[in-house]
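A structural walkthrough
Okay, here's what each chain looks like letter by letter:
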Amino acid sequence: MDERIREHARILTEWSAGVEAGDDVVVLVGDGAHELAVAVANELGERDANMLTLAASSEISRAYLRAHDGEFTAAPAYEQQLYEHADVVLSLRGPTNTSEASDIADATQQAFATARAPIREARLDTDWVSTIHPTRALAQQAGMSFAAYQEFVYDAILRDWEALASKMAQLKSALDDGETVRIQTGAGTDLTLSIANRTAINSAASVEYDSHNLPSGEVFTAPTTTEGTVVFDLPLTYAGERFERVELTFEDGVVTDYDADNVELLETILETDPGARRLGELGIGMNDGIDRFTDNILFDEKMSETIHLALGRAYDACLPADEDGNDSAVHVDMLVDMSTDASLSIDGETVLKNGQFQLS
């Protein structure tokens with residue numbers, strides 16, 4: 001086995017999830033993530049944790065959803081109870097076909113996601129971590145050779161996470177103390193977001209930092225209100241379909257006007273539920289190991305010189321204990337290029353200009 005896979009598994013179980021003896025761990029294994037699952041199983045065994053593995057196959061899911069009548073009335077109690085009794089959930093993604101969901105009806109996917117909301121909430125109440133194992137399908141999607149893509153993935157994952165956490169702490173402090181963020185770009189973005197009384201997350205790939213993705217390397221928060229226009233000028237693949245450009249206009253926190261090269265898909269997202277027309281996240285990428293766009297949001301949203309905004313669900317970790325944030329069955333991240341002719345300011349002070357942080 002490639003030693004980088006073993007190191008990936010060690011970081012995942014030790015740094016990211018903090019698995020301890022006796023923990024009940026559910027491992028969701030994607031189509032092409034078998035080798036990583038073997039390495040993770042070895043780590044869990046060494047830590048005397050309890051392990052249950054489940055297939056998380058996109059091909060199996062496609063067969064089920066295409067055969068179903070699309071009427072999902074309730075979340076299955078047995079699956080919800082599984083996550084309610086789990087301590088840790090590790091999602092090992094490794095798609096062998098990144099377009100497997102492209103011929104599942106949008107309405108079916110919406111209904112399935114909505115019905116499973118209680119399952120999703122139970123899983124999110126665990127110490128969950130999602131990661132990705134490099135596959136040839138992902139390399140092809142990124143326009144890279146498999147060997148080059150492996151190097152890219154492990155550059156992003158096998159990092160000194162403590163050092164990066166220390167660096168990102170400066171931006172977290174600025175967001176925690178701030179009230180208003182303004183984002184401007186030459187592509188047409190002029191957006192103002194209120195972040196008062198919100199807690200920013202130093203997303204350093206560990207549940208100890210309220211961070212649940214490996215790789216990570218972003219600082220994010222949950223805006224309360226949003227005014228203005230944002231142009232997402234980096235591509236995004238969602239549910240097997242592609243966006244090249246999306247433009248949204250907000251008034252009093254709600255999308256009031258929109259345009260996209262794939263407007264029907266955008267409308268499907270916006271019509272999921274009322275929360276899908278509001279922002280649930282502002283994230284700022286800081287992982288220098290991610291230096292190029294690969295059409296995989298788990299990596300792309302952490303890329304230096306970008307920010308991302310998510311339509312839909314807000315993360316509870318950003319909210320005061322007595323306040324509910326934006327709720328939705330979706331959380332769709334979209335990216336803005338901040339590398340040139342762009343700035344982000346907090347309470348009038350520029351902290352990011354043309355891709356470079358201005359923090360002391």
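A few points on the structure. (Residues numbered from 1 in each chain as written. Predicted model: local features only at pLDDT ≥ 70, side-chain atom pairs only at ≥ 80, totals over all residues. Heavy atoms only, no water.)

**Structural notes on the overall build of the protein**
The condition that has to hold: Only runs of H or I of at least four residues qualify as helices and only runs of E of at least two qualify as strands under DSSP, and these elements are numbered from the N terminus. Radius of gyration here uses only the C-alpha atoms, and the compact-globule reference equals 2.2 Å multiplied by the residue count raised to the power 0.38. Buried means the residue's accessible area, taken with a 1.4 Å probe over protein chains only, is under 20% of the maximum for its type, while exposed means over 50%, and partly exposed covers the values in between. Only heavy atoms matter for contacts: two residues are in contact if any of them lie within 4.5 Å across the pair. Surface exposure here means Shrake-Rupley accessible area, sampled with a 1.4 Å probe, where a residue is shielded only by the protein chains that are shown. Charge convention: Lys and Arg are scored as positive, Asp and Glu as negative, and His as well as the terminal groups of each chain are ignored. The location of each charge is read from NZ of Lys, CZ of Arg, CG of Asp or CD of Glu.
Along the protein, the regular secondary structure elements total 11 helices and 20 strands. Against the compact-globule benchmark of 21 Å for 360 residues, the protein has a radius of gyration of 20 Å, which places it among compact chains. Here the C-alpha coordinates of the protein stretch approximately 50 × 50 × 45 Å along the principal axes. Taken over 360 residues, the protein has a buried fraction of 50%. Put simply, 73% of the contacts in the protein that link residues at least 6 apart link residues at least 24 apart. Accessible surface for the protein amounts to roughly 15500 Å². Of this, 43% is attributable to carbon and sulfur atoms. Between the averaged position of the 24 positive side-chain charges in the protein and that of its 66 negative side-chain charges there is a distance of 4 Å.

**Some thoughts on the packing of aromatic side chains**
We apply this condition: Pairs were defined over the aromatic rings of Phe, Tyr and Trp, the Trp ring being its six-membered one, requiring ring centres within 6.5 Å. Orientation was assigned from the angle between planes: stacked under 30 degrees, edge-to-face over 60, tilted for the rest.
Within this structure, the stated rule accounts for seven aromatic pairs. With a centroid separation of 6.1 Å and an interplanar angle of 35°, the aromatic rings of tryptophan 15 and tyrosine 209 are classed as tilted. Residue tryptophan 15 is located in helix α1 (residues 3-16), and its partner tyrosine 209 is located in the loop between β7 (201-203) and β8 (213-214); the two are separated by 194 residues in the primary sequence. On the accessibility criterion, tryptophan 15 (23% relative accessible area) is partly exposed. Residue tyrosine 209 is classed as partly exposed on the basis of its relative accessible area of 31%. Centroid distance tyrosine 64 to phenylalanine 72: 6.5 Å. Interplanar angle 50°. Geometry classified as tilted. Taking the relative accessible area as the measure of exposure, phenylalanine 72 reaches 16% and is therefore buried.

**Here's the deal with helix α8 (residues 146-157)**
Filter applied, for reference: Expected helix span is computed as 1.5 Å times (number of residues minus one).
For α8, built from 12 residues, the straight-helix expectation of 16 Å at 1.5 Å per residue is met to within 8% by its first-to-last C-alpha distance of 16 Å. Within α8, the full set of buried residues consists of Tyr149, Gln150, Phe152, Val153, Tyr154, Ala156 and Ile157. The inward-facing, buried residues of α8 abut α1, β4 (127-132), α7 (136-142), α9 (161-177), β8 and α11 (297-300).

**Side note on the pairing of strand β6 (residues 190-194)**
Counted only if it meets this: Strand pairing is assigned whenever DSSP identifies at least 2 bridges connecting the two strands.
Relative to β6, strand β5 (residues 180-185) runs antiparallel, the two being bridged by five bridges. Across the sheet, the residue bridging to glutamine 184 is aspartate 190, located in β6. Between β5 and the antiparallel strand that follows it, β6, lie four residues; glycine 188 among them carries a positive phi value of about 120°. In this structure, β6 lies alongside strand β10 (residues 226-232), joined through four bridges in antiparallel fashion. Bridge assignment links aspartate 190 to a residue of β10, and that residue is threonine 229.

**Some thoughts on the sheet that holds strand β2 (residues 50-55)**
Taken in spatial order, the five strands line up as β2-β1-β3-β4-β8 in an open sheet, and their pairing is parallel. Of all the strands in the sheet, just β2 and β8 have a single pairing partner and so form its edges. Here strand β1 (residues 24-29) pairs with β2 via six bridges, running parallel. Bridge assignment links valine 26 to a residue of β2, and that residue is leucine 52.

**Concerning a negative patch on the surface**
We count it as follows: Each patch groups residues whose relative accessible area exceeds 30% and which form no salt bridge, using 9 Å between like charges and 5 Å between nonpolar side chains of Val, Leu, Ile, Met, Phe, Trp and Tyr. Salt bridge, as applied in this entry: a Lys or Arg side-chain nitrogen positioned within 4 Å of an Asp or Glu carboxyl oxygen.
A contiguous patch of negative charge on the surface is contributed by Glu20, Asp24, Asp87, Asp127, Glu208 and Asp210. Considering the arrangement of structural elements, one finds aspartate 210 in the loop between β7 and β8. Judged by relative accessible area, aspartate 210 falls into the partly exposed class, the value being 38%.

**With respect to the pattern of salt bridges**
If charged atoms from side chains of opposite charge come close, those side chains can pair. Here the structure, examined in full by the defined rule, presents 20 salt bridges. For lysine 302, the salt bridge is made with glutamate 301, and the minimal N-O distance between the two is 2.7 Å. A network of salt bridges, in which partner residues are shared, links Glu7, Arg10, Glu14, Glu43 and Arg47.

**Considerations on the sheet that holds strand β13 (residues 246-251)**
Strand order in the open sheet formed by eight strands is β14-β13-β10-β6-β5-β18-β19-β20, and the pairing between neighbours is antiparallel. With partners counted over all chains shown, the strands left at the sheet margins are β14 (254-260) and β20 (356-357), one partner each.

**Overview of the environment of isoleucine 119**
Here isoleucine 119 lies in helix α6 (residues 117-124). Residues isoleucine 119 and glutamine 80 lie 39 residues apart in sequence; the distance between their C-alpha atoms is 4.7 Å. Once residues within four sequence positions are removed from consideration, isoleucine 119 is found in contact with Ala75, Pro76, Glu79, Gln80 and Tyr83.

**Description of α9**
Keep this limit in mind: Consider a residue and the seven residues that end there alongside the seven that start there; fitting an axis to each set, the bend is the angle between those axes. Polar contacts, as counted here, are pairs of nitrogen or oxygen atoms within 3.5 Å of one another; within protein the pair requires one atom able to donate a hydrogen and one able to accept it, and residues that are adjacent in sequence qualify only if both atoms are side-chain atoms.
When the terminal C-alpha atoms of α9 are compared, their 24 Å separation across 17 residues agrees well with the 24 Å that a helix rising 1.5 Å per residue should span. At methionine 168, α9 is bent by approximately 30°, the largest bend along its length. Those residues of α9 not exposed but buried are Trp161, Leu164, Ala165, Met168, Leu171 and Leu175. Here α9 starts with a cap whose side-chain oxygen sits 3.4 Å from the backbone nitrogen of glutamate 162, and that cap is aspartate 160.

**Describing the packing of helix α4 (residues 77-84) against α6**
This is how it is decided: Here an angle of 0 to 180 degrees is reported between the N-to-C directions of two axes, which are lines fitted to C-alpha atoms, with helices fitted over the stretch in contact. If an angle is under 35 degrees, it is roughly parallel; if it is over 145, roughly antiparallel; if it lies from 65 to 115, roughly perpendicular; otherwise it is oblique. Each crossing gets its handedness from the near helix: less than a right angle anticlockwise from the far helix is left-handed, clockwise is right-handed.
Viewed as axis vectors pointing N to C, α4 and α6 meet at an angle of 15°, and their least axial separation amounts to 8 Å. Taken as axis vectors, α4 and α6 run roughly parallel relative to one another. Every pair of crossing elements has a handedness; the one defined by α4 and α6 is left-handed. Contact residues: α4 offers Glu79, Gln80, Tyr83 and Glu84, while α6 offers Pro118, Ile119, Ala122 and Arg123.

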